[in-house]
Amino acid sequence: MLPKEENELLCLTGPGTPMGRMMRRFWMPALLSWELPDPDCPPVRIRLMNEDLVAFRDSTGRAGLVGAHCPHRGAGLFFGRNEEEGLRCVYHGWKFDLTGQCVDMPNEPVESNFKSKIKTTAYPCEERGGVVWTYMGPPELKPGLPELEWGLVPEKQRHASKRIQECNWLQALEGGIDSSHISFLHGGLPPTREKSGDPDPISAGYEYRRRDKSPHFELIDTDYGLLIGARRNADEENYYWRITQWIFPWYTMIPPFGGGGIGGHAWVPIDDVNCWVWSFSWHPTQPFSDDQLTEMQRGSGIHGEVIPGTFNLKANLRNDFLIDREEQRQHSFTGIKGISQQDCAMQETMGPMFDRTKEHLGSSDTAIIGTRRRLLAAVGAHEEGIDPPALDAESYRVRSFSTLLPKGVPFDQGAAEGLKAQPGVFIASA
Amino acid sequence: MLPKEENELLCLTGPGTPMGRMMRRFWMPALLSWELPDPDCPPVRIRLMNEDLVAFRDSTGRAGLVGAHCPHRGAGLFFGRNEEEGLRCVYHGWKFDLTGQCVDMPNEPVESNFKSKIKTTAYPCEERGGVVWTYMGPPELKPGLPELEWGLVPEKQRHASKRIQECNWLQALEGGIDSSHISFLHGGLPPTREKSGDPDPISAGYEYRRRDKSPHFELIDTDYGLLIGARRNADEENYYWRITQWIFPWYTMIPPFGGGGIGGHAWVPIDDVNCWVWSFSWHPTQPFSDDQLTEMQRGSGIHGEVIPGTFNLKANLRNDFLIDREEQRQHSFTGIKGISQQDCAMQETMGPMFDRTKEHLGSSDTAIIGTRRRLLAAVGAHEEGIDPPALDAESYRVRSFSTLLPKGVPFDQGAAEGLKAQPGVFIASA
Amino acid sequence: MLPKEENELLCLTGPGTPMGRMMRRFWMPALLSWELPDPDCPPVRIRLMNEDLVAFRDSTGRAGLVGAHCPHRGAGLFFGRNEEEGLRCVYHGWKFDLTGQCVDMPNEPVESNFKSKIKTTAYPCEERGGVVWTYMGPPELKPGLPELEWGLVPEKQRHASKRIQECNWLQALEGGIDSSHISFLHGGLPPTREKSGDPDPISAGYEYRRRDKSPHFELIDTDYGLLIGARRNADEENYYWRITQWIFPWYTMIPPFGGGGIGGHAWVPIDDVNCWVWSFSWHPTQPFSDDQLTEMQRGSGIHGEVIPGTFNLKANLRNDFLIDREEQRQHSFTGIKGISQQDCAMQETMGPMFDRTKEHLGSSDTAIIGTRRRLLAAVGAHEEGIDPPALDAESYRVRSFSTLLPKGVPFDQGAAEGLKAQPGVFIASA
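What comes next concerns the included structure.

Here we take up the interface of chain B and chain A. The partner chain A presents 35 residues to the 29 residues of chain B that form the contact. For the pair chain B and chain A, the summed buried surface comes to about 2,600 Å²; carbon and sulfur atoms form 55% of the total. Together, Arg73, Phe79 and Tyr91 of chain B form the three largest contributors to the area buried by chain B at its contact with chain A, with a combined 31%. Here chain B is connected to chain A by three salt bridges.

Written as structure tokens, this is what we have:
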């Protein structure tokens, strides 16, 4: 149960909100690089943190992000001409460069030099890992680009996707740090009934998660956020530990499912009732096969299948996630196909912005409680001028990991090597 | 003309409103039994009185109604598994029985017994007359199920349907107690011009209603609500009386049209700007023919034809009720086919929640004025702890009736036998 | 930059607003006469100035405009029977004449004479130029119908159209008085790149506007509003003047493009976030050819192509105005076809009601600044009982005009003859 005031403090991220202010201290994934395929290609509309923006790639190939409306009289810059190192409004020809500076104003007398006084909203962009990143905070406080491992490995070793989810960012994030739900939502029938729908039918981990559905949680505060250990019974000597991270402000990581790579998410606010769900799969040392890449592009695993030309799931709230009730009765716990779709169904049906005065949390929600606590503390401190955690780009060099550990061994110590993002080294999860 | 405050007092029925509190003292029709065809069938979403609910039929065949969201973290229970005498949320496996009690919580340690502390919103249900009824009020004050005659006759002697109407419940109810409009909306052209659209072209009653379009109204306060006599001139010695009831809080009855059965409605709030229009046809002593039942299922008479798989009229506000202007000019008063559709057109075009400060009532609105007066009095009294009328289940044992009576005979006395719901006895209307 | 209060004062036109009160002192175009083709034809719904109305043509052929809801209990009069010199509500048969007087009330006893006390909202209508005009102000203050030239010439010499635009009226009007944007939005590529999309590729005026994109503006206050001179360099001795008018409260005029007629617009509020864009083309002395009339009916020039049966542009906000990015890159400044569509794209993407605290006006916005100044002054004066300008019907007898004038000649004097709407006389623009 969270008081209304704390819920709003965590959920609202528009300009002028405390959480919005703190989040703007971080780089965020804004677009997939392929959305801006060429220099001077058509601009793309994008909403981030309650701000309407237009992305474009200028004549030299650099990506930029400017306010959606021309500062002259407000016409939509999406309809602008992207030409000669700037985006030109077609209403009166005003042109803006990547920094938002007006560099041409052909409808005004040259001698007035009015253009030098006009600068529109613009956010710096960088590209890494096939993603256009942007920074919406105070320029003088811009940190380094977060060194998430998937962004640093060669192209063949990673896949990134994004989709729109119609709910507030926090309830989406909370699904991402919830090691409890995977025993149910992503595979909860006994093996004799379960035909499909399990992400990882062959691993020992699946069997442990199936047999012990009430994991014991242990949290460790770190400089980047939380290290979350979910402990399940394995055998007489060992526990099965599923260890995940929450990294400020919106990143989560999950251990590999079966033969796939490591997985990660970013849950980035579009506005108060919509968010971008970014999904990342990567292998630290080996390229994916072409078949694996094709499958991921088609939406397998944590990458949901979207309606072509959109970032909306094919199975979505408007079609009840294509639930198959007979399948649910006979073979699958949910009757909904796909991990993303299952997660989305739960997170969206909580409502556009979940009212946490109505929740009833148990011990399985330990990580969620811990994450909120850290977020609230950091937002409060940030309002008093203290930097949030995880501004150091290197603090993102971690991996999720699952493993068997002898009883009595602290999970962070026993799993230490598996949790580091060491270039050229990969330790397989259990 | 009703002051704004009184209008809102009558119209608003959500939790915490005075009218909402009083209405929750009564059983209400919630679903058609066939919407929950089998034990453990898929759950059904339903909105009632501004509350989002999920209906299900458990393994033993009993119907239940619970809050739409899991009390744990708010996921939609509509996507739940209906199995083994309970509805199980697919997010973390919490399971609820018909009473709302959490009976399984597999993601928490058994020893915590957390499940015993979790109870979700649940409303008791009973079935009668092919309808699932629910009671949303204080458990200790639950009355008996209203003994409306259509719910007590054999299945072949009745037909029940429901449809969604996009307006506040009260303006819908007011249409149901308005004996004046039937001379116009449901048949207002002289016989030479009227080709179709009259519900009852062969009865004498139709002719009386056509000839005398400004009936004189007399109201009698009863223990269940109002007995409403609409008096029209018939011949030198007799008046034609059309006698209808309004029964607390939302029931209306109408005499048979032609060979059809007696009719009734319930106008039940979905929320402040939508309501369920329930329609009931029944014959006290004889089964309908298969043809008659088929016709009613297809939407004839007071049962409107809906878009298959929905409860929305085919002819609706979005398609201007398929009005045929040439038909209206030549043959029909409205150009709209069907009694339900004609009523719906008038009631919905009053706006989502009619602003009664703008109305101008005449003597033909006597019954409407009387109904509001009773409702306001009952709501005021209820707020002071006084039970509303019609909690006695037997008070619903009445029938509407139309008849010729000699001038000077009080209508409630002259028509007394026709107005009683006597098992095995049926007196035909004029 | 306009303060929020002044922006709202200018934009809001509902009943009870200062601008709404002042605007209601003027006749306004309400419907195209062909929307009401015959006596007793079906009624037509129309929203004007935040009021929902129903237009009808009575048995004698006169047009009328009444409130959308029956004053009895609010049912929609759109579904009414238009018959025998009045519109009859089909709920209870109440009938209203053109003045709004209830002239029949068949559901009430004749002796009560209740009908004489019931009068619904009704606005007087007149027809001129193929348009139904209405006056929504105080009856005693009704002025003469504005003598706009297009309304006075023979039918073959004019064409009028209307379309819905989804934005506040003022930002639409501002586009109409903005002589600066036509160098860009309606034709901004050098001739070698420009293949199509220019309204007037053969005129000398086009060449002047293309070469000098930063016109110097001069405003002259007149008894009807503003005379706006946009001066561009032509040759050593001459300036090219494009002279347009803004006439209280919502009319703009533009000089002929090429061989077409003179053009004009009215930007009439539907509600706060929608407006009617009326477009008028006329030739003072010559009939249009049948081909020209057909082209205009199909939406050429300032008349946009609408979805048949609607007043919505085919190319609209929902389909990104069918922008062709390759066309925009190669041949056209905007990639959007059609002057109306180009204007609409700019005006609608400013948002439903543009927030003028965010604008940055330059010298090219001189006419817009002047118009707002006059409107604000007139609204303020009107609130103190002073009549607005342009109530004199003759003040509308003006034409827009473009011409070369020797440097040093004041434009209003040099162009005086071209700016008068003199019957039988036409001076061609440059």
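So much for the structure itself; the text now carries on.
Least-squares fitting of chain B to chain A yields an RMSD of 0.1 Å, with the transformation described by 0.0 Å of translation along the axis and a rotation of 120°. Taken together, the rotation and translation relating the two chain copies correspond to the operation of a three-fold axis. Using C-alpha coordinates, one finds that chain B approaches the rotation axis most closely at Arg318 of chain B, a distance of 12 Å.

Residue and element names in this part refer to chain B. Structurally, Val66 is set in strand 4 (residues 63-67). For Val66 and Asp52, which are 14 residues apart along the polypeptide, the C-alpha to C-alpha distance reads 8.8 Å. Residue contacts for Val66: discarding those within four places in its chain leaves Leu53, Val54, Phe56, Leu77, Leu87, Asp97, Thr120, Thr121 and Ala122.

So, about the interface of chain C and chain A. If you look at the interface, chain C gives 35 residues, while chain A gives 29 residues. Of the roughly 2,600 Å² buried between chain C and chain A, counting both surfaces, carbon and sulfur atoms make up 55%. Summed over the three residues of chain C that lose the most area to chain A, namely Arg325, Met346 and His360 of chain C, the buried surface amounts to 24% of that side. Inspection of the region where chain C meets chain A yields three salt bridges. Where chain C meets chain A, there are 22 residue pairs in polar contact (both at pLDDT 80 or more). Put simply, the parts of the chain that give the side of chain C that touches chain A at least two residues each are helix 3 (169-176), helix 6 (325-330) and helix 7 (339-349) of chain C. When its residues are assigned to classes, the side of chain C that touches chain A shows twelve nonpolar, 13 polar and ten charged.

Attention now goes to unusual backbone geometry. Going from Phe248 of chain A to Pro249 of chain A, the amide bond is cis rather than trans, its omega being -15°. Tracing the backbone shows Pro249 of chain A in the loop between strand 15 (238-247) and strand 16 (251-254). Even without glycine at this site, Asn50 of chain B takes up a positive phi of about 70°. Mapped onto the fold, Asn50 of chain B is located in the loop between strand 2 (44-48) and strand 3 (51-57). For Leu322 of chain C, which is not glycine, the phi torsion reads 50° and is therefore positive. Assignment of secondary structure puts Leu322 of chain C in the loop between helix 5 (290-297) and helix 6.

With respect to topology, four strands assemble into an open sheet ordered 2-3-4-9 (chain C), the strand pairing being antiparallel. Only two strands of the sheet have a single neighbouring strand rather than two, namely strand 2 (44-48) and strand 9 (122-123) of chain C.

All names here are of chain A. With respect to the helices and strands, Leu391 occurs in the loop between helix 8 (366-383) and strand 19 (401-406). As a C-alpha pair, Leu391 and Pro146 span 245 residues in sequence and 8.0 Å in three-dimensional space. Residues contacting Leu391, with those up to four places away along its chain left out, are Arg25, Phe26 and Pro143.

The rules behind each value
- Residues numbered from 1 in each chain as written.
- Chains lettered and ligands numbered in written order.
- Predicted model: local features only at pLDDT ≥ 70, side-chain atom pairs only at ≥ 80, totals over all residues.
- Heavy atoms only, no water.
- Contact = heavy atoms within 4.5 Å.
- Buried area = accessible area lost by both parts, 1.4 Å probe.
- Salt bridge = Lys/Arg side-chain N within 4 Å of Asp/Glu carboxyl O.
- Least-squares fit on C-alpha atoms with pLDDT ≥ 70 in both.
- Helix = DSSP H or I, 4+ residues; strand = E, 2+ residues; numbered from the N terminus.
- Polar contact = N/O pair within 3.5 Å; in protein donor to acceptor, adjacent residues only side chain to side chain.
- Nonpolar A, V, L, I, M, F, W, Y, C, P; charged D, E, K, R; others polar.
- Pairing = 2+ DSSP bridges.

These figures capture arrangement, not role.
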